[in-house]
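Listed here are the chains, written in short residue letters.
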Amino acid sequence: MSISFRLNLLIVAVSALGLGLLVAAMVLNAGPRIHAENDSTMRLAKEFVETTIESLQGTSDPAARLKVLLEGLKGVRHVRIFLYGEDTPEAADGDAGADANSGVPRGLAWLVSPSPSTQIPVVVNGHDYGTLVIAPRSADEAAEIWDSIVNFTLGGAALAIAAVLLMSLTIARLLNPIKDVGNALMELDQGHYTVIVPEGGPPEIADICRKLNHLAATLESTLSENKRLAQRVIRVQDEERKDLARELHDEFGPYLFAIRAAVSALKVDLERGGSDRGKLLQTCDTLVEHVETIQRMNRSVLQKLRPIGLEEYGLKAKLNSLLALLRDSHPKLEIDLFVDDDLPECDETSTLTIYRLVQEGLTNAFRHSDATEIEIAITRFVAEPDAPAESPVRPVVHVSVADNGRGLQQDAKPSYGIAGMNERVWASGGTMRLTNRPGGGVTLDAWVPVPANVAERTDAIAG
């Protein structure tokens, strides 16, 4: 059953129950009402008869006047007045409550018990003119009560039907936005994330529509971001391949050619007898020098592709090794490194991300900032005690690389390296921010979450 049908059924049931209880109360109250009305009518009729008999005293023809009076009282409702023995009503001793032809149900007539009649002797001027009988007509009062019950029932039923129809229309109008929500969900299921649901209806349903629109917009934004990241990954891969190919061609190629030429010359000398020992030794020294150069370039290429010794020696040792090489090549640049001893245990991806963040921050400082001081800090991120609910629950490593250089230009666009690091941090569930320092220079801040399984393993080992 639909919600509309259930609500309408509930309204009908409540209306019918309420109407039934009211009718039952009226029926149960019918007996006392009839008795009270009969008692009041009988008392008034008795006083009327006694006054009439008193008024006949001293008249010349009391019998004729009494007959005229009784003829006039035949049409009186609720009570019957007649001379005993001259009229034969259905109940001379009293009325059973409801006539068979009165239209009153037997159940209602059953509630009205017979009321006793009253007999008053007519003695005028010392002569007995018979006995007047005053008998109540309970059927008249029962018929009036039954008519009021019927009219009340019909009126209540009409109002209940009108209320049901009105509520049905209101409920249908209020629930109409739910259809739009269902259609929007089907559109989302088919991948149409641009769907917008009109924010109508009651506040609760309007709030659902508003949140559904926000969800659709978020899905659309996420899908667009995923497409952009996929395109970015492809471009970065192509750029890295081009850089690697250029470096192999420009750096390795000439030395390999020189080695080949030296080996060929050495072979020719040996084939001729090789009498010039000094020349042979010089050729060997040249070969060794070229091989050492190729080894250094190979280590540099491998360092770009993947840091060697990061897993074996740890993050702090590898960063110190990186800074030692940089200090040798930039002796005038002061570089300070602080690594918190209380860092959470990081997995391979998180460790490499932190290392690349420091490496990229240093590279940008060397190329663009003309800085003389660089401060690097890697600490455990701790939320404030009154931090909002969205604060990170997993352990987070905060990476900060700050320099005292020129700072960021207003129209400057992020380099490929910064954009790539931002995407790497975002993919790990963290955030990265590049801002100008108040005193000059640039600060790179990144918050890198540690995966839950690593954190749980760390806690288990600590426990």
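Residues numbered from 1 in each chain as written. Predicted model: local features only at pLDDT ≥ 70, side-chain atom pairs only at ≥ 80, totals over all residues. Heavy atoms only, no water.

Before going further, it helps to spend a moment on the overall build of the protein. For the protein, the count of helices and strands is 12 helices and 10 strands. Evaluated residue by residue, the protein yields a buried proportion of 31% over its 463 residues. Of the contacts made within the protein by residues no fewer than 6 positions apart, 71% connect residues no fewer than 24 positions apart. For the protein, the accessible surface area stands at approximately 29,300 Å², while carbon and sulfur atoms represent 57% of it. (Helix = DSSP H or I, 4+ residues; strand = E, 2+ residues; numbered from the N terminus. Buried < 20%, exposed > 50% of the residue type's maximum accessible area, 1.4 Å probe, protein only. Contact = heavy atoms within 4.5 Å. Areas by Shrake-Rupley, 256 points an atom, 1.4 Å probe, with all protein chains shown as cover.)

Enumeration over the complete set of coordinates arrives at 4 salt bridges. Salt-bridge contacts for Asp341 lead to Lys316; the nearest nitrogen and oxygen are separated by 3.9 Å. Of this pair, Asp341 sits in the loop between strand S6 (334–339) and helix H10 (348–369) while Lys316 sits in helix H9 (residues 315–329), and the two are 25 residues apart along the sequence. Assessed through its relative accessible area of 73%, Asp341 is described here as exposed. Several salt bridges share partner residues, and in doing so they unite Asp207, Arg210 and Lys211 into one network. (Salt bridge = Lys/Arg side-chain N within 4 Å of Asp/Glu carboxyl O.)

All right, on to the confidence of the model for the protein then. This prediction gives the protein a mean pLDDT of 77; 84% of its residues lie at or above 70. Across residues 384–392 the pLDDT falls below 50, and counting only partners more than four positions away or on other chains, this stretch makes 2 contacts in the model. Within the model, pLDDT remains below 50 along residues 455–463, and this stretch shows 4 contacts once partners closer than five positions in the same chain are excluded. (pLDDT = per-residue confidence, 0-100.)

A cluster of acidic side chains, namely Glu334, Asp336, Glu373 and Glu375, defines a negative patch on the protein surface. For the negative patch, the secondary structure elements donating two or more residues are S6 and strand S7 (373–381). In this structure, Glu375 sits in strand S7. Accessibility expressed as a relative area gives 42% for Glu375, which makes it partly exposed. (Patch = residues over 30% accessible without salt bridge, like charges linked within 9 Å, V, L, I, M, F, W, Y side chains within 5 Å. Lys, Arg positive; Asp, Glu negative; His and termini not counted. Charge placed at Lys NZ, Arg CZ, Asp CG, Glu CD.)

Let us look at the pairing of strand S9 (residues 431–436). Of the pairings in the sheet, the one linking S9 to strand S10 (residues 442–449) comprises 6 bridges and is antiparallel in character. From the neighbouring strand, Arg433 faces S10, where its bridge partner is Asp445. In sequence, S9 turns back onto S10 through a hairpin of 5 residues, with Gly440 there showing a positive phi of about 110°. (Pairing = 2+ DSSP bridges.)

In this section: the side chain of His290. Counting through the fold element by element, His290 comes out in helix H7 (residues 277–305). Among the residues examined, His290 registers a relative accessible area of 15% and is labelled buried. Apart from the residues within four sequence positions on either side, His290 is in contact with Tyr255, Ala258 and Ile259.

To continue, consider the sheet that holds strand S5 (residues 127–136). Reading across from one edge, S1-S5-S4 is the order of the 3 strands in this open sheet, with antiparallel pairing throughout. Here the strands that pair on one side only, and so sit at the sheet edges, are strand S1 (79–83) and strand S4 (118–124). The mean angle between the axes of side-by-side strands here comes to 20°, regardless of whether they run parallel or antiparallel. Alignment of S4 against S5, held across 6 bridges, turns out to be antiparallel. Bridge assignment links Val124 to a residue of S5, and that residue is His127. Relative to S4, helix H2 (residues 30–56) is tilted by about 10°, and along the sheet it contacts S1, S4 and S5. (Axes fitted to C-alpha atoms, helices over the stretch in contact; angles between N-to-C directions.)

Before going further, it helps to spend a moment on H10. With 22 residues, H10 extends 31 Å from end C-alpha to end C-alpha; this agrees with the ideal 32 Å at 1.5 Å per step. Summarising burial for H10: 16 of the 22 residues are buried, a large majority. Among the residues trailing H10, Asp370 stands out with phi positive, at a value near 55°. (Expected span 1.5 Å × (residues − 1).)

Bringing the sheet that holds strand S8 (residues 396–403) into the picture now. Spatially, the 5 strands line up as an open sheet ordered S6-S7-S8-S10-S9, and their pairing is mixed. Each edge of the open sheet carries a strand with a single partner, namely S6 and S9. Strand after strand, the sheet turns through a mean of 10° between neighbouring axes, direction not considered. Looking at chain direction, S8 and S10 are connected through 7 bridges and run antiparallel. Residue pairing in the sheet places Val396 in a bridge with Pro449 of S10. Strands in contact with H9 are S6 and S7; relative to S6, the strand with the most contacts, it is inclined by about 180°. The sheet strands contacting H10 are S6, S7, S8, S9 and S10, and the helix crosses S8 at an angle near 10°.

The subject of this paragraph is the packing of H2 against helix H3 (residues 62–72). As a packed pair, H2 and H3 sit with axes 10 Å apart at the nearest point and diverge in direction by 150°. Between H2 and H3, the angle is such that the two are roughly antiparallel. Where H2 crosses over H3, the two elements pack in a sense that is right-handed. On the side of H2, the interface is formed by Phe48, Thr52 and Leu56, while H3 contributes Pro62, Arg65, Leu66 and Leu69. Within the contact of H2 with H3, the residues separate by chemical class into 5 nonpolar, 1 polar and 1 charged. (Parallel < 35°, antiparallel > 145°, perpendicular 65-115°, else oblique. Left-handed = near helix turned anticlockwise from the far one by under 90°. Nonpolar A, V, L, I, M, F, W, Y, C, P; charged D, E, K, R; others polar.)

For the rest of this paragraph, the subject is the environment of Lys279. If you trace the backbone, Lys279 turns up in helix H7. Classification of Lys279 by relative accessible area gives partly exposed; the value is 43%. In the structure, Lys279 is positioned 10 residues away from Asp269 in sequence and 9.1 Å away in space, judged by C-alpha atoms.

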